[in-house]
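So you can see what is in the structure, the chains are spelled out below.
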Amino acid sequence: MKYAIGCLLVLLLVGGLLVVWGIGMYNGLIAGEERVTEQWAQVETAYQRRADLIPNLVSTVRGAADFEQETLNQVIEARSRVGQVRVENAAEVINDPARLAQFQAAQDALSSALQRLLVVVERYPELRAVQAFQDLMVQLEGTENRISVARTRFNEAAREFNTRLRRFPTRWVVEMLGWGFEAKAYFSAQPGSEEAPPVSFD
């Protein structure tokens, strides 16, 4: 009788420890997923800030005599395409590499159009002398830095979460219990991103 009670107590203790361990694992995954979502919000905020600067930039550049309309149109069209890539739910993008790639492609196209605009602006010293233009360039440069930092932090959070999710025994427990956690997608480097964009305020 005492032996049976002792065995039962040991089983209850082990079972309780397993439950506590499982709860800790689940809560850790939830915390990691929330961190990824939080970093995604920072990415969206940085990109939105850039999108908000572009109408002012376009208006300022349009004021320059004989400015190359084709380059300006490329920026306007790229910004429009960015607006067409709607993200209703963060999970739609951060859990789907194809959707994240689509989002990134639109943003990268806008980055390229802005870089081309800055190259063309070099031929317009009267435009570069306008204080409003200089202010916009400073804001744009700061925003590009914020985007870079936000993307890096997002990738770090996604990598940390994915590593935790793939480790044994977490992966086995998640699959066995059907917890529904999904690996997160990453931003990849834009081709040519190793070269700094040509920005000059001379």
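Everything here concerns the structure above.
As a starting point, this report considers the structure included with it. Given the structure is predicted, the values throughout are model-derived calculations rather than measurements.

## So, the pattern of salt bridges
According to the stated counting rule, one finds six salt bridges in the structure shown. Taking the shortest distance from any N to any O, the salt bridge between Lys-184 and Glu-33 comes out at 2.8 Å. One end of the pair, Lys-184, is in the segment after α7 (170–177); the other, Glu-33, is in helix α1 (residues 2–62), with 151 residues separating them in the sequence. Note that Glu-175 and Arg-171 form a salt bridge whose closest N and O atoms lie 3.4 Å from each other. Pair noted here: Glu-175 and Arg-171 are both in helix α7, with a separation of four residues, about one helical turn.

## Side note on the nonpolar core
One finds Trp-40, Leu-57, Phe-67, Leu-117 and Phe-154 to be the most contacted residues of the largest nonpolar core, which totals 50 residues. At the level of secondary structure, the elements contributing two or more residues to this core comprise α1, α2 (69–84), α3 (90–94), α4 (97–121), α6 (131–166) and α7. At 12 residues, the largest contribution of residues to this core is made by α1.

## Remarks on the side chain of Thr-143
Relative to the helices and strands, Thr-143 resides in helix α6. Classification of Thr-143 by relative accessible area gives buried; the value is 0%. Filtering out sequence-adjacent residues up to four positions away, Thr-143 remains in contact with Ala-46, Arg-49, Arg-50 and Leu-53.

## Quick look at the packing of aromatic side chains
Enumeration over the complete set of coordinates arrives at nine aromatic pairs. Here the aromatic rings of Tyr-26 and Trp-179 are separated by 4.9 Å at their centres, their planes lie at 80 degrees, and the arrangement is edge-to-face. On the criterion of sequence distance, the pair formed by Tyr-26 in helix α1 and Trp-179 in the segment after α7 is long-range, its members being 153 residues apart. By relative accessible area, which is 23% here, Trp-179 ends up partly exposed.

## Describing the packing of α2 against α4
Relative orientation of the contacting elements α2 and α4 amounts to 160 degrees, with a least axis distance of 8 Å. One element, α2, and the other, α4, form an angle in the roughly antiparallel class. Crossing angle aside, the handedness with which α2 passes α4 is left-handed. Residues Thr-71, Leu-72, Gln-74, Val-75, Ala-78, Arg-79, Arg-81 and Val-82 of α2 pack against Ala-106, Gln-107, Ala-109, Leu-110, Ala-113, Leu-114, Arg-116, Leu-117 and Val-120 of α4. Residue composition of the contact of α2 with α4, by class: 11 nonpolar, three polar and three charged.

## Brief notes about unusual backbone geometry
Residue Phe-168 is joined to Pro-169 through a cis peptide bond whose omega torsion reads 10 degrees. Along the chain, the position of Pro-169 falls in the loop between α6 and α7.

## Notes on the side chain of Arg-151
By the secondary structure assignment, Arg-151 is in helix α6. Judged by relative accessible area, which is 13%, Arg-151 ranks as buried. In terms of polar contacts, Arg-151 uses its side chain to reach the backbone carbonyl oxygen of Ser-188, at 2.9 Å. Aside from chain neighbours lying at most four places away, what touches Arg-151 is Val-43, Tyr-47, Gln-104, Asp-108, Phe-187 and Ser-188.

## Quick notes on the environment of Glu-70
Along the chain, Glu-70 falls in helix α2. On the basis of relative accessible area, Glu-70 is assigned to the exposed category, the value being 59%. Put simply, Glu-70 and Val-58 are 12 residues apart on the chain and 12 Å apart in space, counted from C-alpha to C-alpha.

Quick notes on the rules
- Residues numbered from 1 in each chain as written.
- Predicted model: local features only at pLDDT ≥ 70, side-chain atom pairs only at ≥ 80, totals over all residues.
- Heavy atoms only, no water.
- Salt bridge = Lys/Arg side-chain N within 4 Å of Asp/Glu carboxyl O.
- Helix = DSSP H or I, 4+ residues; strand = E, 2+ residues; numbered from the N terminus.
- Core = buried A, V, L, I, M, F, W, Y, C linked by side-chain atoms within 4.5 Å.
- Buried < 20%, exposed > 50% of the residue type's maximum accessible area, 1.4 Å probe, protein only.
- Contact = heavy atoms within 4.5 Å.
- Phe/Tyr/Trp six-rings, centres within 6.5 Å; stacked < 30°, edge-to-face > 60°.
- Axes fitted to C-alpha atoms, helices over the stretch in contact; angles between N-to-C directions.
- Parallel < 35°, antiparallel > 145°, perpendicular 65-115°, else oblique.
- Left-handed = near helix turned anticlockwise from the far one by under 90°.
- Nonpolar A, V, L, I, M, F, W, Y, C, P; charged D, E, K, R; others polar.
- Polar contact = N/O pair within 3.5 Å; in protein donor to acceptor, adjacent residues only side chain to side chain.

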